[in-house]
Amino acid sequence: MPSIPKPKVTVILANLGTPDAATAPAVREFLRQFLSDQRVIEIPKVIWQIILNCFVLPFRPKRVAEAYASIWNQDSPMREILYAQVAGIKQQLDTQYPHLDLNIIPAMSYGNPGIQAVLKNLSQMPQEHVIVLPLFPQYSATSTAPLYDAFARWIPKQRHLPGLTILKDYYRHPLYIEALANSISRFQATHGKAQKLLMSFHGIPQPYADKGDPYPERCRETARLVAAHLGLHDDEWAISFQSRFGKQEWVKPYTDALLEEWGKSGLESVQILSPAFSADCLETLEELEVENAELFLESGGQRYEYIPALNTNAEHLELLTQLLKVNLDALDYTLAYREH
C-alpha cells in the first residue's frame, strides 16, 4: 500500500516591505508600489496618481534613499531581521510536527520577497493549509489589510484551495506585553530610568480612524497594558504617533510635537520605543533614534535614548512561535490523523 504524503502546510511571516537598495531608483520603485495601494492612500486614484507621479516620486526618493543609506547594513535592516525571525521560528518548530510537511517562509506586502511571488510559488506546490502571521501587532487597514487583499486576488485563480488562517493581530497578548515590558526593564537596568517613557506608534490619518480603523485604540490598549505591567504612574509615560505624510490631520498626539514641547518645558530625559514595529527599520533607526533625538535635545532636553524593537529577542520569537503553535496543533490533529 503506497504511503500517504505528509500534508503540506506553509507559514508565511509577513512584514510591510523595504526597497531593494538604498538608492533613489530602488526607493522610487518601492514608493511607487507602496503609495499606489489605496489601502495606504485613500485619495481618489486618478487625482492621487497625478500627485504621486508629478510631485512625490520625482523628489522624495533621493531624500528617503539618503535616510536608508544611513541605516543600511548588508541589506535593509527590516529584511535582515525578517529572515532571522523566520530562521529562529523554524528552529523551534521544525521537529515539533513530524506528521506535517511544514514550511516557514518570509514575505513583504511591498518589495521583496513580495507576497504575490510567494503566492505564485504556492500555486505550483498545492498546500493543505496556509497560515499567515502579519508582523503588525496592532491591526490596521493600512498595514495588515493589504495581505488580506493579496489573498483575495489570488483565491479566485486557484482550483486546489488550501485551508487559510490569517492571524489578525496580537496587540494585547500576554506574551507580547511581557516581552515589551521586559525589554524596557532590561534597557533601564543598564541605562537607568528616564523621567518619561514614550511609546510611539506609527500613525494613520485621522479620517481613517474616523471611518472605523481600530488601530489607534489598539495602540492605546497596548501602551496601557505595558505601563500597567511596569507599574508606571500616569505621569511617567505617554503615547504618541509618528511618521506623518502629507498635509491632512493624523492621529494625535504627534511624536515630534510632543518631544519638542517636553524639551521646551524643561523635561530632561526621555526613553522611547515603538511597540508597533516587530523589526527595526527606517522609522525607528532613523526617525526615532536620530531625527527625534536631535529635535528633543535642540528643544532643551538633556538625555534621549531609543529602546530597540523586539526583533529576534528570544521572548519575541517565543510569542510568535506560540501564536503559530495554537494553529499548528489543531492542523497536526485534523490533517495528519484524519486518515486514522
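This write-up is about the structure you can find in this document. All of these numbers come straight from a predicted model, not from anything done at the bench. Sequence positions are assigned chain by chain, starting from 1 and proceeding in written order. pLDDT decides what is reported in this predicted model: residues at 70 or higher carry local features, side-chain atom pairs at 80 or more are listed and counted, and totals for whole chains, interfaces and linings draw on all residues regardless. Excluding hydrogens and water, the side-chain figures rest on all heavy atoms present in the structure.

This paragraph deals with the overall build of the protein chain. To qualify as a helix, a DSSP run of H or I must reach at least 4 residues; to qualify as a strand, a run of E must reach at least 2; elements of each kind are numbered from the N terminus. Scanning the protein chain from terminus to terminus reveals 12 helices and eight strands. C-alpha atoms define the radius of gyration in this analysis, and the globule rule sets the expected value at 2.2 Å times the number of residues to the power 0.38. For 340 residues, the compact-globule estimate of 2.2 N^0.38 gives 20 Å, and the protein chain sits close to it at 21 Å. Its C-alpha atoms give the protein chain principal-axis dimensions of roughly 80 × 50 × 40 Å. Accessibility here uses a 1.4 Å probe with only protein chains present; expressed as a share of the type maximum, an area under 20% marks a residue as buried, one over 50% as exposed, and anything in between as partly exposed. Buried positions account for 54% of the 340 residues belonging to the protein chain. Contacts: residue pairs with any heavy atoms within 4.5 Å of one another. The long-range share in the protein chain, meaning contacts at least 24 apart out of those at least 6 apart in sequence, stands at 81%. For the accessible areas, the method is Shrake-Rupley and the probe is 1.4 Å, while residue cover comes only from the protein chains on display. In the structure as shown, the protein chain presents an accessible area of about 16,000 Å², 54% of it carried by carbon and sulfur atoms. A gap of 7 Å separates the mean positions of the 31 positive and 39 negative side-chain charges of the protein chain. Charge assignment in this entry is limited to Lys and Arg as positive and Asp and Glu as negative, and neither His nor the chain termini are counted. Where a charge lies is defined by one atom per residue type: Lys uses NZ, Arg uses CZ, Asp uses CG and Glu uses CD.

Another aspect to go through is the pairing of strand 7 (residues 269-273). Of all the five residues making up strand 7, five are buried; the element is thus mostly covered by neighbouring parts of the structure. Of the two faces of strand 7, the one carrying Ser269, Gln271 and Leu273 and the one carrying Val270 and Ile272 are both buried. Pairs of strands are assigned from DSSP output, requiring at least two bridges between the strands. Note: strand 5 (residues 196-202) against strand 7, four bridges, orientation parallel. Considered in strand 7, the bridge of Leu198 is made with Ile272. Inspection of the sheet shows strand 7 paired to strand 8 (residues 303-306) by four bridges, in the parallel sense.

In space, the four strands of this open sheet follow the order 2-1-3-4, with parallel pairing throughout. Each having just a single partner strand, strand 2 (101-111) and strand 4 (163-166) make up the two edges of the open sheet. The mean angle between the axes of side-by-side strands here comes to 20 degrees, regardless of whether they run parallel or antiparallel. Relative to strand 4, strand 3 (residues 129-134) runs parallel, the two being bridged by four bridges. Looking at strand 4, one finds that His129 is bridged to Gly163. To get an axis, a line is fitted to the C-alpha atoms, and for a helix only the part in contact is used. The angle between two axes follows their N-to-C directions and goes from 0 to 180 degrees. Along the sheet, helix 12 (residues 314-334) makes contact with strand 1 (8-18), strand 2, strand 3 and strand 4, crossing strand 3 at roughly 165 degrees.

It is worth spelling out unusual backbone geometry at this point. Residue Pro113 follows Asn112 across a cis peptide bond; omega there is 0 degrees. By the secondary structure assignment, Pro113 is in the loop between strand 2 and helix 5 (115-124). The residue Ser243 is not glycine, and still its phi comes out positive at about 65 degrees. Structurally, Ser243 is set in the loop between strand 6 (237-242) and helix 10 (255-265). Of note in the backbone geometry, Asn311 takes a positive phi value of approximately 50 degrees without being a glycine. Examined against the element boundaries, Asn311 turns out to sit in the loop between strand 8 and helix 12. Since its relative accessible area comes to 14%, Asn311 is described here as buried.

What makes a nonpolar core is a set of buried Ala, Val, Leu, Ile, Met, Phe, Trp, Tyr and Cys residues whose side-chain atoms join them at distances within 4.5 Å. With 55 residues, the main nonpolar core has Leu13, Leu133, Met199, Phe201, Leu324 and Leu328 as its most contacted residues. For this core, the element with the most residues is helix 12, which contributes seven residues. In this structure Leu13 touches Leu82, Gln85, Val86, Ile89, Ile104, Ile105, Pro106, Ala107, Leu133, Leu135 and Leu324, once residues within four positions along its chain are discounted. In terms of nonpolar packing, the next biggest core, distinct from the first, is built from 38 residues, Ala14, Leu16, Val64 and Ala150 among them.

Whenever a carboxyl oxygen of Asp or Glu lies within 4 Å of a side-chain nitrogen of Lys or Arg, that contact is scored as a salt bridge. Across all of its chains, the model carries 16 salt bridges by this definition. A salt bridge links Arg172 to Glu221; its shortest N-O distance comes to 2.5 Å. Residue Arg172 is located in the loop between strand 4 and helix 7 (174-191), and its partner Glu221 is located in helix 9 (residues 215-230); the two are separated by 49 residues in the primary sequence. Taking the relative accessible area as the measure of exposure, Glu221 reaches 17% and is therefore buried. Arg220 is the salt-bridge partner of Glu217, the closest N and O atoms lying 2.6 Å from each other. With a gap of three residues between them, Glu217 and Arg220 both fall in helix 9, about one helical turn apart. Taking the relative accessible area as the measure of exposure, Glu217 reaches 53% and is therefore exposed. For Arg220, a relative accessible area of 31% translates into the label partly exposed.

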